[in-house]
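# Topology and contacts: notes
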Amino acid sequence: MAERKLLVLFGSQTGTAQDTAERIGREATRRHLQCRVEALDSCDLANLIHEPLVVFVCATTGQGDPPDNMKMFWRFLFRKNLPPGSLCQLDYAVLGLGDSSYPKFNFVAKKLHKRVLQLGGNPLLPVALGDDQHDLGPDAVVDPWLVALWDKILALYPLPPGLEIISPDTRLPPKYTLHYLPEDSPPPEGDLLQLTAPRAVPSELHPFAAPLVSNQRVTAHSHFQDVRLIEFDITGSGITFSAGDVVMIQPQNCPEDVQQFCQLLRLDPDKRFVLKPMEPGTSLPPLLPQPCTIRHLVTHYLDISCVPRRSFFELLSYFSTNELEREKLQEFSSAQGQEELYSYCNRPRRTTLEALWDFPHTTCAIPADYLLDLIPRIRPRAFSIASSVLAHPDRIQILMAVVQYKTRLSKPRRGLCSTWLASLSPEQGDVRVPLWVKKGGMKFPADPATPVIMIGPGTGVAPFRAAIQERVAQGRRGNCLFFGCRQKSKDFYCQVEWEELVAKGFLTLFTAFSRDQEEKVYVQHRIQENRRLVWELLSSGNAHVYLAG
């Protein structure tokens, strides 16, 4: 009898594809298949030729780009020297997650399906194209597609005699178990936020703990929007970057939320534990120290402020001892309950912590072993770098709007990362922020004679500040900036800096202050008014145009 094993590989940017891949993993376990779920870039690609059965789950980001955790796999897959029949032993299926409001809808999934087919793979089903725009979200496509997938897989790999599919009423074991350490065991060496080992370029798995140098509000105090110019010291980090690059920041939960979470779940924040995988071969979460305290786990790892997904309510329903709560949780995790779930969670942007408050009988019964199955990890946030090394050596600056808005819930919604960063101040002592740098999508022209037209309303001006600083330091003059905001006196970021560069002849600046007069004026009006100049730069100057929002 053929070995019943399945490999589920995902490429995920925001966590949705990973969540779907883990769902497939759980459904495989119920069908007694040996199943591994891995990020595409964590999987040993040389072994792909020995895998009999693979399900790929991949998102499409930006303009048809693969997510960060499948970029290496993508390059490998499209190598010209891969022999045409190299995947002929492989049965596979591709599930795509995308958004049909973008022109390259599910581009990655379609292209992956086609390429594996070219290399000799045998598709079990047509590619599934999950769509965020659908009323029921991607699940409208995913649910029926998975039913068809299991039919195909069980036809190829029937259940062994005497075994039944594990009923959906039965709770599956957790991925890890928490083993608490005795009170008197020696504490871990050093701080839990380890500084990067020297010579290793900082990355997601090894961020650099950068000291916060300054945190300055750049909007008037009377303005509704709080925007900060924040500076970090990256001396000795080995980080290099140029204009257009992006800094990734790993945020953390606020102490009040951490305390509330621990109280709700009856957890002692100072308890120390080590994690043990349930299945041999399961790797430990790379960003968690061993041993670890509950407080560190909840502060730095569990995303208790994210909007919970359907899988959260499904797992939660197994712990419920209260009939009313269990029925509601089961409804939220059913295909029919998705509209109801959307209006409970997504529309008002209700957080995981708030959802736990609403199910008190269930919440206090959650076993600690299941925390890592229940709550996803905190994702890093990306910010355009707003400074140039040539103007500010050993420093990175960002221009950040503090996210806060109202929904029908009484408490204002707050962005996790921006609220945390805004609360930090160098006066608090040695304040450090874990960060690393990623190549951005914008490349500025190498030829010093090429003029640059930059359109950056609001905080969209951040990458252009980096580019202008860089180009001015190199003595380049053809810099044209269209900047827009509400009011000259309230949110005209970097006004003094721009005016100095205009006076020195390094910058041509056009501003649109939309609320400073009766009729609203935006950057597009200024472009139209200056169409002759813009056309001249484009037609005879061969100018490059950049737009950031």
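Residues numbered from 1 in each chain as written. Predicted model: local features only at pLDDT ≥ 70, side-chain atom pairs only at ≥ 80, totals over all residues. Heavy atoms only, no water.

## Examining the UniProt feature "domain: FAD-binding FR-type" (unreviewed entry) in the protein
Taking the numbering used here, the UniProt-annotated feature "domain: FAD-binding FR-type" (unreviewed entry) corresponds to residues 205-445. For the annotated span residues 205-445, helix accounts for 29% and strand for 21% of the residues, and the straight-line distance between the end C-alpha atoms is 32 Å. (UniProt positions renumbered as here; feature names shortened; annotations may be inferred. Helix = DSSP H or I, 4+ residues; strand = E, 2+ residues; numbered from the N terminus.)

## Looking at the UniProt feature "domain: Flavodoxin-like" (unreviewed entry) in the protein
Under the UniProt annotation, "domain: Flavodoxin-like" (unreviewed entry) lies at residues 6-150. As annotated, residues 6-150 comprises 32% helix and 23% strand, and the C-alpha atoms at either end are separated by 12 Å.

## Notes on the sheet that holds strand S8 (residues 208-217)
Reading across the sheet, the six strands line up as S13-S10-S17-S8-S9-S14 and stay open at both edges, with antiparallel pairing between neighbours. Sheet topology places strand S13 (381-384) and strand S14 (395-401) at the edges, where each strand pairs with a single neighbour. Put simply, the sheet's adjacent strands are angled 40° from each other on average, direction ignored. Relative to strand S17 (residues 432-438), S8 runs antiparallel, the two being bridged by four bridges. In the sheet register, Phe 208 faces S17, and the bridge partner there is Leu 435. In the packing of helix H13 (residues 416-423) onto the sheet, contacts are made with S8, strand S9 (227-233), strand S10 (246-249), S13, S14 and S17, and the angle to S14 comes to roughly 120°. (Pairing = 2+ DSSP bridges. Axes fitted to C-alpha atoms, helices over the stretch in contact; angles between N-to-C directions. Contact = heavy atoms within 4.5 Å.)

## Overview of the pairing of S10
Put simply, side chains in a regular strand alternate between the two faces of the sheet. Neither face of S10 is left uncovered, since the one carrying Val 246 and Met 248 and the one carrying Val 247 and Ile 249 both have all their residues buried. Here S10 runs beside S17; their pairing, made up of four bridges, is antiparallel. Residue pairing across strands places Ile 249 opposite Leu 435, the latter belonging to S17. (Buried < 20%, exposed > 50% of the residue type's maximum accessible area, 1.4 Å probe, protein only.)

## A few points about the environment of Phe 444
Tracing the chain through its elements places Phe 444 in the loop between S17 and strand S18 (452-455). Among the residues examined, Phe 444 registers a relative accessible area of 16% and is labelled buried. Separated by 26 residues in sequence, Phe 444 and Glu 470 have C-alpha atoms that sit 10.0 Å apart.

## Details of the packing of helix H5 (residues 255-264) against helix H6 (residues 294-301)
Following both chains from N to C, one finds H5 and H6 inclined at 125°, their axes separated by 10 Å at the closest point. The orientation of H5 with respect to H6, classified from their angle, is oblique. Here H5 and H6 pass one another in a crossing that is right-handed. Across from Val 258, Phe 261 and Cys 262 in H5, the residues of H6 making contact are Ile 294, Arg 295, Val 298 and Thr 299. For the contact of H5 with H6, a count of residues per class yields five nonpolar, one polar and one charged. (Parallel < 35°, antiparallel > 145°, perpendicular 65-115°, else oblique. Left-handed = near helix turned anticlockwise from the far one by under 90°. Nonpolar A, V, L, I, M, F, W, Y, C, P; charged D, E, K, R; others polar.)

## What to know about the nonpolar core
Counting residues in hydrophobic clusters, the biggest one holds 40 residues, and the most contacted among them are Phe 261, Leu 297, Leu 302 and Phe 313. It is helix H7 (residues 310-319) that provides the largest number of residues to this core, a total of five residues. Leave out the neighbours within four places in its chain, and Phe 261 touches Leu 267, Val 298, Leu 302, Ile 304, Leu 353, Leu 356, Leu 371 and Ile 375. Grouped together as the second largest cluster of nonpolar side chains are 29 residues, Val 227, Val 452, Ala 462 and Ala 467 included. (Core = buried A, V, L, I, M, F, W, Y, C linked by side-chain atoms within 4.5 Å.)

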